[in-house]
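Descriptive analysis of the structure
Spelled out from the first residue to the last, the chains are:
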Amino acid sequence: MLTATAPTIAVDVPATEIQLSRRDGEVRITRDADNTYTAEILLDASVEEVWNVIADYDNFSDFLPNIVSSDVLEVEGNRHVVEQVSERRIFFLNVRSRIRTENLETKNQRIDFRLVEGDLARLEGSWILESVAESNHLRLKQTVNVSPEDGTPETLFYDIFEQSLADTLEAIREEVLRRRG
């Protein structure tokens, strides 16, 4: 069982790796030169418990930070087209954005996603579930390549995006625990 700690941020060398120590564990985020992020967290949960949260597109607004709506628009076999609207306060402004993604599921293993349309120049990646050898833990990993629309201040965008990756993984962990009861 993971123990509670106060939130801290530690930056490792190289500067492209950030570790965020949180209440129940550690979120690890790396970023490479082409703006591909890998974010991961260890969860004390089954594959099915985690899958039921990360594939619950219609209810993302109930547990993911900054998501105000999330709707499945199309389902065809393992393909789901999902539209999400998020809202975030940046300085003194409320900024609302919309994305529509195509999500291809390999049940209980991975979800590959790509931007179909929306308020980003590029968004594609995957959610991957990995068993941890000789452990009852599961590694949830998100790999995502993202680019803002032209005219967006890149430093600000990537700073906010990195924090949102950590917040999302933490929210998923909390939702898995909440559903377990």
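Rules of the game
Residues numbered from 1 in each chain as written. Predicted model: local features only at pLDDT ≥ 70, side-chain atom pairs only at ≥ 80, totals over all residues. Heavy atoms only, no water. Helix = DSSP H or I, 4+ residues; strand = E, 2+ residues; numbered from the N terminus. Buried < 20%, exposed > 50% of the residue type's maximum accessible area, 1.4 Å probe, protein only. Contact = heavy atoms within 4.5 Å. Areas by Shrake-Rupley, 256 points an atom, 1.4 Å probe, with all protein chains shown as cover. Phe/Tyr/Trp six-rings, centres within 6.5 Å; stacked < 30°, edge-to-face > 60°. Salt bridge = Lys/Arg side-chain N within 4 Å of Asp/Glu carboxyl O. Core = buried A, V, L, I, M, F, W, Y, C linked by side-chain atoms within 4.5 Å. Patch = residues over 30% accessible without salt bridge, like charges linked within 9 Å, V, L, I, M, F, W, Y side chains within 5 Å. Arc of directions from axis to C-beta. Polar contact = N/O pair within 3.5 Å; in protein donor to acceptor, adjacent residues only side chain to side chain.

**Quick notes on the overall build of the protein chain**
Scanning the protein chain for helices and strands turns up three helices and ten strands. Secondary structure elements of the protein chain occur, N-terminal to C-terminal, as β-β-β-β-α-α-β-β-β-β-β-β-α. Here the protein chain holds 181 residues, and the buried ones make up 40% of them. By sequence separation, contacts in the protein chain at least 24 residues apart represent 42% of the contacts at least 6 residues apart. Carbon and sulfur atoms form 49% of the exposed surface of the protein chain, whose accessible area is close to 10,000 Å².

**A few points about the packing of aromatic side chains**
Overall, the coordinates contain six aromatic pairs when judged by the stated rule. Ring geometry for Tyr-37 and Phe-161: centres 5.2 Å apart, planes at 55°, overall tilted. Taken together, the residues Tyr-37 in strand E4 (residues 36-43) and Phe-161 in helix H3 (residues 154-180) connect sequence positions 124 residues apart. Across the pair, exposure class does not vary: Tyr-37 and Phe-161 are buried alike.

**Concerning the pattern of salt bridges**
In total, this model carries 20 salt bridges according to the counting rule given. Taking the shortest distance from any N to any O, the salt bridge between Arg-180 and Glu-49 comes out at 3.0 Å. Of this pair, Arg-180 sits in helix H3 while Glu-49 sits in helix H1 (residues 47-54); the two residues are 131 residues apart in sequence, bridging distant segments of the chain. Under the relative-accessibility criterion, Glu-49 is labelled partly exposed at 26%. The partner of Glu-102 in a salt bridge is Arg-114, with the nearest N and O atoms 2.9 Å apart.

**A look at the nonpolar core**
When a protein is soluble and globular, its nonpolar side chains tend to lie buried together. Among the nonpolar cores identified, the biggest contains 38 residues, and Val-50, Ile-54 and Leu-140 are the most heavily contacted of them. It is H3 that contributes the most residues to this core, nine residues altogether. Among residues more than four places away in sequence, those in contact with Ile-54 are Phe-60, Ile-111, Trp-127, Leu-129, Leu-140 and Ile-172.

**Examining a nonpolar patch on the surface**
Taken together, Phe-91, Phe-92 and Leu-156 make up a surface patch of nonpolar side chains, about 400 Å² in accessible area. As for its placement among the helices and strands, Phe-92 is situated in the loop between strand E6 (79-90) and strand E7 (93-106). Judged by relative accessible area, Phe-92 falls into the exposed class, the value being 74%.

**Concerning H1**
Every buried residue of H1 is accounted for by Val-50, Trp-51, Val-53 and Ile-54. Take H1 and look down its axis: the buried residues cluster within an arc of 165°, on one side only.

**Focus: the side chain of Glu-83**
Within the secondary structure, Glu-83 sits in strand E6. A relative accessible area of 18% places Glu-83 in the buried class. A distance of 3.0 Å separates polar atoms of two side chains, one belonging to Glu-83 and the other to Arg-98. Among residues more than four places away in sequence, those in contact with Glu-83 are Ser-69, Ser-70, Asp-71, Leu-73, Arg-98, Ile-99 and Arg-100.

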